[in-house]
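Listed here are the chains, written in short residue letters.
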Amino acid sequence: MEKIRTLIVDDEPLAREGVRMLVEDDSEIEVVGECANGHQAIQAIEEEKPDLVFLDVQMPEINGFEVLEAVSDERLPTVIFVTAYDKYALRAFEVHALDYLLKPFTRERFTQALERAKAQIRRRGDAELNQALMSLLKDLRQEKNYLERMVIKTAGRIFFLSVEEIDWIEAAENYVRLHAGRESHLVHGTMNKLASRLDPAQFLRIHRSSIVNLKKIKNLQPLFHGEYVVTLHDGTQLSSGRSYRQQLQSLLDDSF
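For the structure given in this document, a descriptive report is provided here. (Residues numbered from 1 in each chain as written. Predicted model: local features only at pLDDT ≥ 70, side-chain atom pairs only at ≥ 80, totals over all residues. Heavy atoms only, no water.)

**Thoughts on the sheet that holds strand β4 (residues 78-83)**
Taken in spatial order, the 5 strands make up an open sheet running β2-β1-β3-β4-β5, and their pairing is parallel. Taken across any chain shown, the strands that pair with only one partner, and hence form the sheet edges, are β2 (29-35) and β5 (100-102). Going from strand to strand, the sheet's axes swing by 20° on average, the running direction of each strand aside. Of the strand pairs in this sheet, strand β3 (residues 52-56) and β4 are connected by 5 bridges, and their pairing is parallel. In the strand pairing of β4, L52 is matched with T78. Its contacts with the sheet place helix α5 (residues 107-123) against β1 (4-9), β2, β3, β4 and β5, and it is angled at close to 160° to β4. (Pairing = 2+ DSSP bridges. Helix = DSSP H or I, 4+ residues; strand = E, 2+ residues; numbered from the N terminus. Axes fitted to C-alpha atoms, helices over the stretch in contact; angles between N-to-C directions. Contact = heavy atoms within 4.5 Å.)

What follows is the structure, encoded as structure tokens:
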């Protein structure tokens, strides 16, 4: 049986050494290289065409995800992500059925991930795992595009407003008005463009003229024809548009 050609990628020398020590006694594994950064990893994957890569996610300059994006036209290897991400970020790997090791990990957890990877390599067509990896990268690219803060220019000064502080947004001709607590800020732009840049898990468009922060909603009062009165925690009341009733209904269906 051919050995599983394995690449170890981590910017920390001790981390690379730790992984190598854990695999060196495995007769099925052949370590074909170690990489200390993303540039080296891209070159090694293209040249060595490994079957398995232990890939550190958080590296300077080029991170693990960017490494995979750079070699996406090549035959992607099976990947075990090595990460210090918290449990919420790890859901991305779990959703796409991709394995990961959360630093610091135990020998038992390492062995579990390695055995799963071996089984995948033995049984797979490449297409199944490639599709999972590409789907993860697509989701991450979309997340990168979501706004985290907005530039506000007013009264001769410029400051940043975190989108989490926004209660709701209303259309104002060629501008949008951002309501955040007791303050409001006028920003040049359209509702359509802004809506496309906001995380749909955090903001919901309820009318052609209004978008609300889901965390700021206190209650919904149904009206006729699928319309609602949306009341925010600060007492603001907004009316939903009939054409947006499906979005609000989806919100209700997701509730307990």
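**Focus on the nonpolar core**
In terms of nonpolar packing, the biggest core is built from 27 residues, with V9, L55, L68, F81 and F93 touching the most fellow members. Breaking this core down by element, the ones donating at least two residues are β1, α2 (38-48), β3, α3 (64-70), β4 and α6 (126-144). Formed by 16 residues, the second largest nonpolar core is a distinct cluster that contains F159, I169, M191 and L198. (Core = buried A, V, L, I, M, F, W, Y, C linked by side-chain atoms within 4.5 Å. Buried < 20%, exposed > 50% of the residue type's maximum accessible area, 1.4 Å probe, protein only.)

**Here we look at the sheet that holds strand β8 (residues 168-172)**
Read from one edge of the open sheet, 5 strands run β10-β9-β8-β12-β11, paired in antiparallel fashion. Looking at strand neighbours, the two that pair on one side only are β10 (183-188) and β11 (203-207), the edges of this open sheet. Across this sheet, the average inter-strand angle for adjacent strands is 25°, counted without regard to direction.

**Remarks on α5**
Because the α-helix completes a turn every 3.6 residues, residues three or four places apart line up on one side. The end-to-end C-alpha distance of α5, which contains 17 residues, comes to 24 Å, matching closely the 24 Å that a straight helix rising 1.5 Å per residue would cover. Within the sequence span of α5, burial applies to F110, A113, L114, A117, K118, Q120 and I121. Within α5, the buried residues cover an arc of 165° as seen down the axis, which keeps them to one side. Turned more than 90 degrees off the buried face of α5, the exposed positions are E108 and R123. (Expected span 1.5 Å × (residues − 1). Arc of directions from axis to C-beta.)

**Considering the environment of L248**
Topologically, L248 is positioned in helix α8 (residues 245-253). Judged by its relative accessible area of 0%, L248 is buried. Residues L248 and R205, spaced 43 residues apart in sequence, show a C-alpha to C-alpha distance of 8.8 Å. Among all residues touching L248, those that are not within four sequence positions of it are L204, I206, L220, Y228 and S240.

**Focus on the pairing of β1**
Counting buried positions along β1 gives 5 out of 6 residues, so the element sits mostly inside the fold. Bridge count for β1 against β2 is 6 bridges, and the pairing is parallel. Following the sheet pairing, I4 is matched in β2 by I29. In the classification by handedness, the crossover that spans β1, the intervening helix α1 (residues 13-23) and the parallel β2 is right-handed. Bridge count for β1 against β3 is 4 bridges, and the pairing is parallel. Residue pairing in the sheet places I8 in a bridge with F54 of β3. (Right-handed = clockwise from strand over helix to strand, strands pointing away.)

**So, the environment of K3**
Tracing the chain through its elements places K3 in the segment before β1. Taking the C-alpha atoms as reference points, K3 and S27, 24 residues apart in sequence, are found 7.8 Å from one another. Contacts of K3, omitting those with residues within four sequence positions, involve S27, E28, I29, E30 and D51.

**Notes on a nonpolar patch on the surface**
A contiguous nonpolar patch, built from V151, I158 and F160 and spanning about 300 Å² of accessible area, is present on the exposed surface. For F160, the position within the fold is in strand β7 (residues 157-162). Under the relative-accessibility criterion, F160 is labelled partly exposed at 48%. (Patch = residues over 30% accessible without salt bridge, like charges linked within 9 Å, V, L, I, M, F, W, Y side chains within 5 Å. Areas by Shrake-Rupley, 256 points an atom, 1.4 Å probe, with all protein chains shown as cover. Salt bridge = Lys/Arg side-chain N within 4 Å of Asp/Glu carboxyl O.)

**A short note on the pattern of salt bridges**
Tallied over the entire structure, the rule returns 12 salt bridges. Here R5 and E48 are joined by a salt bridge, their closest N and O atoms 2.9 Å apart. Within this pair, whereas R5 is found in strand β1, its partner E48 is found in helix α2, the two being separated by 43 residues in sequence. Among the ionic pairs, R20 bridges to E34, the shortest N-O distance being 2.3 Å. Of the two residues, R20 sits in helix α1 while E34 sits in strand β2, which places them 14 residues apart along the sequence. Within the structure, one salt-bridge network assembled from shared partners comprises D26, E28, E115, K118 and R122.

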